[in-house]
Amino acid sequence: MTWFALPGPSPVRAHIEELMPDILDGLIEPGKVFDATTDLDGVPAGYQDMACRESLKVLAKP
């Protein structure tokens, strides 16, 4: 599979069902995209960190 980075929003929802199980099982290393991890209680703070540019992407794990 070849991935391309294009300017503008990424259609993440188009790939989430396919890729999320591999991320959660440790088969794909999301570290190149996600630079912070939180539980569900930390999601609001994760959004704030992204808005303030303290994090690029935050991975929320149940």
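Cut-off values and rules
- Residues numbered from 1 in each chain as written.
- Predicted model: local features only at pLDDT ≥ 70, side-chain atom pairs only at ≥ 80, totals over all residues.
- Heavy atoms only, no water.
- Helix = DSSP H or I, 4+ residues; strand = E, 2+ residues; numbered from the N terminus.
- Buried < 20%, exposed > 50% of the residue type's maximum accessible area, 1.4 Å probe, protein only.
- Contact = heavy atoms within 4.5 Å.
- Areas by Shrake-Rupley, 256 points an atom, 1.4 Å probe, with all protein chains shown as cover.
- Pairing = 2+ DSSP bridges.
- pLDDT = per-residue confidence, 0-100.

1. Section: the overall build of the chain
No. 1: Looking only at helices and strands, one finds two helices and two strands in the chain.
No. 2: Counting all 62 residues of the chain, 16% fall into the buried class.
No. 3: Here the analysis covers contacts within the chain between residues at least 6 apart in sequence; of these, 14% occur between residues at least 24 apart.
No. 4: Of the roughly 5500 Å² that the chain leaves accessible, carbon and sulfur atoms contribute 58%.

2. Points about unusual backbone geometry
No. 1: Its identity is not glycine, yet R53 carries a phi of approximately 65°, on the positive side.
No. 2: Take R53: it is sitting in the loop between α2 (43–51) and β2 (58–61).

3. As for the pairing of strand β1 (residues 36–39)
No. 1: Examined bridge by bridge, β1 and β2 share four bridges and lie parallel to one another. The residue bridging D39 from the neighbouring strand is K61, located in β2.

4. A closer look at the side chain of T38
No. 1: If you trace the backbone, T38 turns up in strand β1.
No. 2: Assessed through its relative accessible area of 17%, T38 is described here as buried.
No. 3: Sequence-distant contacts of T38, that is, excluding residues within four places in its chain, are made with V43, V58, L59, A60 and K61.

5. Quick look at the confidence of the model for the chain
No. 1: Averaged over the chain, the pLDDT score is 81; the fraction of residues at 70 or greater is 82%.
No. 2: Throughout residues 3–7 the model reports pLDDT below 50, and contacts reaching past four residues in sequence, or to other chains, amount to two contacts.

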